[in-house]
Amino acid sequence: FCICVIISMFFFIKQITKHESSVKINIIYLFLFIFFYLLSHLFRLLRLFIIYVEEKISLKKLFETYVIMNYVNFFTPYKIGEFFRIFEISNLMGSFKKGLTGIWIDRFFDTVILFLFLLFYNSSYEGIAKNLLIFLAVFIAFSLFCYLFSTYTNTYVNRIVLSKSA
């Protein structure tokens with residue numbers, strides 16, 4: 001990841017030297033982008049840690065797996081890296097069910113956030129992304145249906161929620 005950032009910074013700085021008057025502002029935006037990008041990954045790692053808190057996996061081991069998963073996910077097209085994420089987490093947890101369930105829950109929360117963002121964005125601008133909103137709503141509804149009617153997922157999530165809220 002750091003190599004990608006350094007290469008990007010090299011091309012970015014090379015590009016902005018052509019426009020020296022705005023170099024300071026552009027570099028600030030670059031560092032803000034990098035900061036928020038890393039911060040978002042930190043939150044996603046913590047969310048994954050919370051999903052698997054009951055498994056008592058060390059944060060260091062989860063971090064190593066997370067870095068590998070995101071590296072592969074970044075370079076594979078068409079979300080093929082998501083299958084790799086499922087298999088890596090399954091190997092870490094020792095169960096394919098736990099890997100699939102955890103990644104599904106992770107994607108569910110990503111989808112809810114994206115849905116809410118697009119919903120508010122769509123209300124301020126007419127007609128943008130209606131089909132995407134429908135698709136996301138179907139995924140959310142399907143996930144909730146699976147949660148309510150799957151005994152494994154329901155038991156696992158309730159155990160985490162109830163043990164952490166008590």
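Look above for the structure.
The structure displayed is predicted, hence computed values, not measured ones.

Undergrad: Break down the nonpolar core for me, with residues and values.
TA: Core analysis: the largest hydrophobic core is formed by 14 residues, its most contacted members being Leu48, Tyr52, Leu62, Ile89 and Met93. With 4 residues, the top contributor of residues to this core is helix α4 (residues 81–93). When near neighbours in sequence (up to four residues on either side) are disregarded, isoleucine 89 contacts Leu48, Tyr52, Leu62, Thr65, Met69, Gly99 and Ile103. By size, the runner-up hydrophobic cluster in this structure holds 6 residues, among which are Phe108, Leu133, Leu136 and Ile140.

Undergrad: With reference to specific residues and values, describe the environment of phenylalanine 84.
TA: Tracing the chain through its elements places phenylalanine 84 in helix α4. By relative accessible area, phenylalanine 84 is classed as partly exposed at 27%. A C-alpha to C-alpha distance of 7.6 Å links phenylalanine 84 and valine 72, two positions 12 residues apart in sequence. Setting aside anything within four residues of it in sequence, one finds phenylalanine 84 in contact with Ile68, Met69 and Val72.

Undergrad: Describe the packing of aromatic side chains, listing the residues and the values that go with them.
TA: Using the criterion set out here, one finds 8 aromatic pairs in the structure. For the ring pair phenylalanine 35 and phenylalanine 36, a centre distance of 5.2 Å and an interplane angle of 65 degrees mean the geometry is edge-to-face. Classification of phenylalanine 35 as partly exposed rests on a relative accessible area of 47%. Taken together, Tyr71, Phe74 and Phe75 form an aromatic cluster joined through their ring pairs.

Parameters and conventions
Residues numbered from 1 in each chain as written. Predicted model: local features only at pLDDT ≥ 70, side-chain atom pairs only at ≥ 80, totals over all residues. Heavy atoms only, no water. Core = buried A, V, L, I, M, F, W, Y, C linked by side-chain atoms within 4.5 Å. Buried < 20%, exposed > 50% of the residue type's maximum accessible area, 1.4 Å probe, protein only. Helix = DSSP H or I, 4+ residues; strand = E, 2+ residues; numbered from the N terminus. Contact = heavy atoms within 4.5 Å. Phe/Tyr/Trp six-rings, centres within 6.5 Å; stacked < 30°, edge-to-face > 60°.

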